[in-house]
Amino acid sequence: MTQEITRDHIAGRLGDVAYDRFLLYLMGPYKSFNLNYVLNDDELNDVEIDALPGPFRKLFQNKDEIDEAKALLRRVQGHLRTDPGVNAFLAVDVDIDTDEVDAVTQSIEYSRCANATVFIVPFLGHNFGVGEEAGSVLENVAETHGDRIVFVHESEVTSEMIRSARTRWDLRIEMYGTEAELVETVKRFVVTTMNRERFGDLEYFG
């Protein structure tokens, strides 16, 4: 039986915070860049890295950057769960088997359930795969949830997906230079969204 993704299910998988019912979905590239999700150790050892095309070669050479990208998301998550105290989560926190619900479908449903969704894209030395999952999510939810979504990228990141998102989906785009700037940018967006739910033009998701 396929697991149904609901606000109650997501909240039930997370710890207690001041604003338990404000769900903030944080998306980043950490899964897309980690080849351990598709290759086992023996298969990785058999790959002739130098013979691969450039973008694929970089996937095998940037494991430390991949790990740091996930660690960055975790640090941002920790900040936001403390201040302003919202229920920030990553897809892995909900722990739904991708054999039951594929990763892109999960992300689409998390975005539909969340009060706010933030795409965080750090600079990893290349842009391979950055926009694929984000584009799939936006294609499905931008029309109904566009005011609840922000795309925040490190200043060095350039991507056709980023350039087109503003025009195609009227998506809010922000840029950061330091981790502190990233946290403040996301926090500002979250607080604005909370206020719009309580006192403004957004439906209250409580």
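Not measured: the values here are computed from a predicted model. By convention here, each chain's residues receive numbers from 1 onward along its written sequence. In keeping with the model being predicted, local features are shown solely for residues with a pLDDT of at least 70 and side-chain atom pairs are shown and tallied solely at 80 or more, while totals for entire chains, interfaces and linings include all residues. The basis for the side-chain values is all heavy atoms of the structure; hydrogens and waters are excluded.

(A) Highlighting the side chain of Gln-77. Elements are defined by DSSP. Helices are runs of H or I of four residues or more, strands are runs of E of two residues or more, and each kind is numbered from the N terminus. Looking at the secondary structure, you find Gln-77 in helix H4 (residues 63-82). In this structure the side chain of Gln-77 is engaged in a polar contact, spanning 2.8 Å, whose partner is the side chain of Arg-74. Those residues in contact with Gln-77 that lie beyond four places of it in its chain are Leu-26, Ala-88, Phe-89, Leu-90 and Asp-93. By the criterion applied in these results, polar contacts are pairs of N or O atoms within 3.5 Å in which, for protein atoms, one can donate a hydrogen and the other can accept it, and in which residues neighboring in sequence qualify only through two side-chain atoms. Throughout, a residue-residue contact means that at least one pair of heavy atoms, one from each residue, lies within 4.5 Å.

(B) Region of interest: helix H9 (residues 179-199). Expected helix span is computed as 1.5 Å times (number of residues minus one). If you check H9, its first and last C-alpha atoms are 30 Å apart, about what 21 residues at 1.5 Å a residue would give, namely 30 Å. Using a 1.4 Å probe on the protein chains alone, a residue whose accessible area is under 20% of its type maximum counts as buried, one over 50% counts as exposed, and one in between counts as partly exposed. Of the residues making up H9, those classed as buried are Leu-182, Val-183, Thr-185, Val-186, Lys-187, Phe-189, Val-190, Thr-193, Met-194 and Glu-197.

(C) The sheet that holds strand E4 (residues 149-154), seen in detail. The pairing criterion for strands is at least two bridges between them, as found by DSSP. The 5 strands are arranged E2-E1-E3-E4-E5 in an open sheet whose pairing can be described as parallel. Only two strands of the sheet have a single neighbouring strand rather than two, namely strand E2 (86-89) and strand E5 (172-176). On average, each strand axis in the sheet is inclined to that of its neighbour by 25°, with strand direction left out of account. In this structure, strand E3 (residues 116-121) lies alongside E4, joined through 5 bridges in parallel fashion. Looking at E4, one finds that Val-118 is bridged to Val-150. Here, axes are lines fitted to C-alpha atoms. For helices the fit covers the stretch in contact, and angles between N-to-C directions go from 0 to 180 degrees.

(D) Fine view of the packing of aromatic side chains. Working definition: a ring pair exists when centres of Phe, Tyr or Trp rings (six-membered ring for Trp) sit within 6.5 Å. Plane angles under 30 degrees give stacked, over 60 give edge-to-face, the rest tilted. Counting across every chain of the model gives 4 aromatic pairs. An angle of 75° between the planes, with centres 5.3 Å apart, marks the rings of Tyr-25 and Tyr-110 as edge-to-face. Taken together, the positions of Tyr-25 in strand E1 (residues 19-27) and Tyr-110 in helix H6 (residues 103-113) put the pair 85 residues apart, joining distant regions of the chain. Each member of the pair Tyr-25 and Tyr-110 is classed as buried. Between Phe-119 and Phe-151, the ring centres sit 5.7 Å apart and the planes meet at 25°, which makes this aromatic pair stacked. Taken together, the positions of Phe-119 in strand E3 and Phe-151 in strand E4 put the pair 32 residues apart, joining distant regions of the chain. Comment: the charge-over-ring label is applied if NZ (Lys) or CZ (Arg) is within 6 Å of the ring centre and within 35 degrees of the ring normal. The lysine or arginine in question, Arg-148, covers the ring of Phe-205, its NZ or CZ lying 3.8 Å from the ring centre.

(E) Inspection of the environment of Arg-112 at higher detail. For Arg-112, the position within the fold is in helix H6. Arg-112 sits 30 residues away from Ala-142 along the chain, and the two C-alpha atoms are 9.7 Å apart.

(F) Spatial organisation of the pairing of E4. Within E4, 6 of the 6 residues are buried, which leaves the element mostly enclosed by the surrounding structure. The alternating pattern of E4 places Ile-149, Phe-151 and His-153 on one face and Val-150, Val-152 and Glu-154 on the opposite face, and all of these are buried. Bridge analysis of E4 against E5 gives 5 bridges, and the strand direction is parallel. Its bridge partner lying in E5, Glu-154 is registered against Tyr-176.

(G) Region of interest: the side chain of Asp-93. Its location among the elements puts Asp-93 in helix H5 (residues 91-94). One polar contact links Asp-93 to Arg-74, side chain to side chain, over a distance of 2.8 Å. Here the side chain of Asp-93 touches Leu-90 through a polar contact of 2.9 Å, landing on its backbone nitrogen. For Asp-93, the residues in contact, after removing those within four places along its chain, are Arg-13, Leu-14, Arg-74 and Gln-77.

(H) The nonpolar core, seen in detail. Buried residues of nine kinds, namely Ala, Val, Leu, Ile, Met, Phe, Trp, Tyr and Cys, make up a nonpolar core once their side-chain atoms join them within 4.5 Å. Counting 31 residues, the largest nonpolar core has Ile-10, Phe-89, Tyr-110, Phe-119, Phe-151 and Leu-171 as the members making the most contacts within it. Top contributing element to this core by residue count: helix H7 (residues 130-145), with 5 residues. Listed in part, the 22 residues of the second largest apolar core include Ala-88, Ala-116, Ile-120 and Val-150.

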